[in-house]
Amino acid sequence: MFYARTTFIEQRSSCYQEKHQQTCALGPMALRPGWRAFTSFAMNRCSVLRKAVRSSGFPLLPWGHCLWRGTGSFLDPEMKAFLEENTEVTSRGSLTPEIQLRLLTPRCKFWWERADLWPHSDPYWAIYWPGGQALSRYLLDNPDVVRGKSVLDIGSGCGATAIAAKMSGALRILANDIDPIAGMAITLNCELNQLNPFPILTKNILDLEQDKWDLVVLGDMFYDEDLADSLHQWLKNCFWVYRTRVLIGDPGRPQFSGHSIQHQLHKVAEYSLPQPTRQENNGLTTSTVWDFQP
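Residues numbered from 1 in each chain as written. Predicted model: local features only at pLDDT ≥ 70, side-chain atom pairs only at ≥ 80, totals over all residues. Heavy atoms only, no water.

All right, on to the nonpolar core then. One finds L139 and L247 to be the most contacted residues of the largest nonpolar core, which totals 35 residues. Elements represented by at least two residues in this core include exactly strand 3 (101-103), helix 4 (130-141), helix 5 (160-167), strand 5 (172-176), helix 6 (180-192), strand 7 (215-219) and strand 9 (265-272). L139 has contacts with V145, V146, T161, A164, A165, S168, L215 and L247, leaving out every residue within four places of it along the chain. Within the second largest apolar cluster, 24 residues are counted, among which are L152, V216, C238 and F256. (Core = buried A, V, L, I, M, F, W, Y, C linked by side-chain atoms within 4.5 Å. Buried < 20%, exposed > 50% of the residue type's maximum accessible area, 1.4 Å probe, protein only. Helix = DSSP H or I, 4+ residues; strand = E, 2+ residues; numbered from the N terminus. Contact = heavy atoms within 4.5 Å.)

Let's shift gears to the confidence of the model for the protein. Residues shown with low pLDDT carry predicted positions that ought not to be read at fine detail. In the predicted model, the protein carries a mean pLDDT of 79, and 75% of its residues have values of at least 70. Overall, residues 1-66 carries pLDDT values under 50, and its contacts beyond four positions in sequence, including any with other chains, amount to 157 contacts. Note that residues 68-73 has pLDDT below 50 and, in this model, 23 contacts with residues that lie over four places away or in other chains. (pLDDT = per-residue confidence, 0-100.)

On to the pairing of strand 5. Of all the 5 residues making up strand 5, 4 are buried; the element is thus mostly covered by neighbouring parts of the structure. Pairing geometry for strand 4 (residues 150-154) and strand 5, over 5 bridges, is parallel. Within strand 5, the position partnered with V151 by the bridge is I173. With helix 5 bridging strand 4 and the parallel strand 5, this β-α-β connection has right-handed handedness. Here strand 5 runs beside strand 6 (residues 200-201); their pairing, made up of 2 bridges, is parallel. (Pairing = 2+ DSSP bridges. Right-handed = clockwise from strand over helix to strand, strands pointing away.)

Even without being glycine, D220 reaches a positive phi, approximately 60°. Examined against the element boundaries, D220 turns out to sit in the loop between strand 7 and helix 7 (225-242).

A few words now on helix 5. Among the 8 residues that make up helix 5, 6 are buried, leaving the element largely enclosed by the rest of the structure. Taken residue by residue, helix 5 has A160, T161, A162, I163, A164 and A165 as its buried positions. On the buried face of helix 5, the contacting elements are strand 3, helix 4, strand 4, strand 5, helix 6 and strand 7. Where helix 5 ends, the next residue or the one after it, G169, has phi of about 100°, a positive value.

With that settled, the discussion passes to the pairing of strand 8 (residues 245-250). Within strand 8, 5 of the 6 residues are buried, leaving the element largely enclosed by the surrounding structure. Sheet topology places strand 7 next to strand 8; 5 bridges connect them, and they run parallel. By the bridge assignment for strand 8, V217 is matched with L247. With helix 7 bridging strand 7 and its parallel neighbour strand 8, the resulting β-α-β unit is right-handed.

Turning next to the packing of aromatic side chains. This structure, assessed with the given rule, holds 7 aromatic pairs. Between W111 and W112, the ring centres sit 6.3 Å apart and the planes meet at 65°, which makes this aromatic pair edge-to-face. An aromatic cluster is present here, built from F82, F110 and W118 joined pairwise through their rings. Here the basic side chain of R172 rests over the ring of W213, its NZ or CZ set 4.2 Å away from the ring centre. (Phe/Tyr/Trp six-rings, centres within 6.5 Å; stacked < 30°, edge-to-face > 60°. Lys NZ or Arg CZ within 6 Å of the ring centre and 35° of its normal.)

Once that is clear, we can look at helix 3 (residues 77-86). Considered for burial, the residues of helix 3 that qualify are M79, F82, L83 and N86. Along the axis of helix 3, the buried residues cluster in a sector spanning 95°; they form a single face. Exposed positions of helix 3 whose direction lies more than 90 degrees from the buried face are P77 and E85. Check the buried side of helix 3 and you find it contacts strand 3 and helix 6. In this structure D76 caps helix 3, since a side-chain oxygen of it lies 3.2 Å from the backbone nitrogen of E78. (Arc of directions from axis to C-beta. Polar contact = N/O pair within 3.5 Å; in protein donor to acceptor, adjacent residues only side chain to side chain.)

For the rest of this paragraph, the subject is the pattern of salt bridges. Inspection of the entire model under this criterion finds 10 salt bridges. Across the pair E84 and K80 runs a salt bridge, and its minimum N-O distance is 2.8 Å. Residue E84 and its partner K80 are located together in helix 3, separated by 4 residues, close to a single helical turn. Here K80 falls in the partly exposed class, since its relative accessible area comes to 23%. (Salt bridge = Lys/Arg side-chain N within 4 Å of Asp/Glu carboxyl O.)

Where helix 3 contacts helix 6, the two axes come as close as 11 Å, and the packing angle between them is 70°. In terms of orientation, helix 3 lies roughly perpendicular with respect to helix 6. With respect to the hand of their crossing, helix 3 and helix 6 are arranged in right-handed fashion. Contacts from M79, K80, L83 and E84 in helix 3 reach I181, M184, A185 and L188 in helix 6. (Axes fitted to C-alpha atoms, helices over the stretch in contact; angles between N-to-C directions. Parallel < 35°, antiparallel > 145°, perpendicular 65-115°, else oblique. Left-handed = near helix turned anticlockwise from the far one by under 90°.)

Before going further, it helps to spend a moment on the packing of helix 4 against helix 5. Running from N to C, helix 4 and helix 5 cross one another at 0°; their axes reach a closest spacing of 8 Å. Classified by the angle between their axes, helix 4 and helix 5 sit roughly parallel to one another. For the pair helix 4 and helix 5, contact is made by G132, L135, S136, L139 and L140 and by A160, T161, A164, A165 and M167, respectively. Looking at side-chain class alone, the contact of helix 4 with helix 5 contains 7 nonpolar, 3 polar and no charged residues. (Nonpolar A, V, L, I, M, F, W, Y, C, P; charged D, E, K, R; others polar.)

Here is the structure:
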């Protein structure tokens, strides 16, 4: 996940020039010093995390479909200590200063280390992506959207949007991320915000039988064309079968803005990104929440 600082821009630019013929507004981590630049982010995130789930042996407890409920006392002590030692608790530089999160920041050792020294799967959960920031801000500002309702957060990452839903009064929440370590990080982030941890699914929900949800939220998930197509079909089915409302957060990446789903979206909110988030995301300046209406 991390490259030496001198190779960061070169690696990211060459990757995206080859695949998309543009480098200025593609991925959320562009131009961040010290990072590996997620050069293969748009191409292999899903396969990497699927492999991590299969090989981890991480325990999954039953609740619906292969879920687990985490509390600090049940987390693996060594992993808990590793996460606490190598992340920083912060609420700065995002759209939701009321939410505290454990993230990788320049104060963390691995921010500056080589990629091969990170001992686990790539920590996408340790970044507060701009689409998720917009979704979280929207739910905090509009609690009636989730109050008393069931909410599924797909690609939950650090868990911020699910946490925002909980803060806003959601009745039932499921956070879904196929990286088991993300599940542990979400649990820690719940506790940081004085919330009882909610259930977490660490399998690919697109491969499972759909359940009924009042609201599905997903941020920064349209970074790959094949995944975007799969998500589009899954969300359409969710809408037509269960009349589920779907909210999507995205800062305007071409894989999303150029996808056919655009014809079925209604803009509900647009936010100006804080300067730190802009710098970490290659100059992206806004992030938008869309209502999916197929």
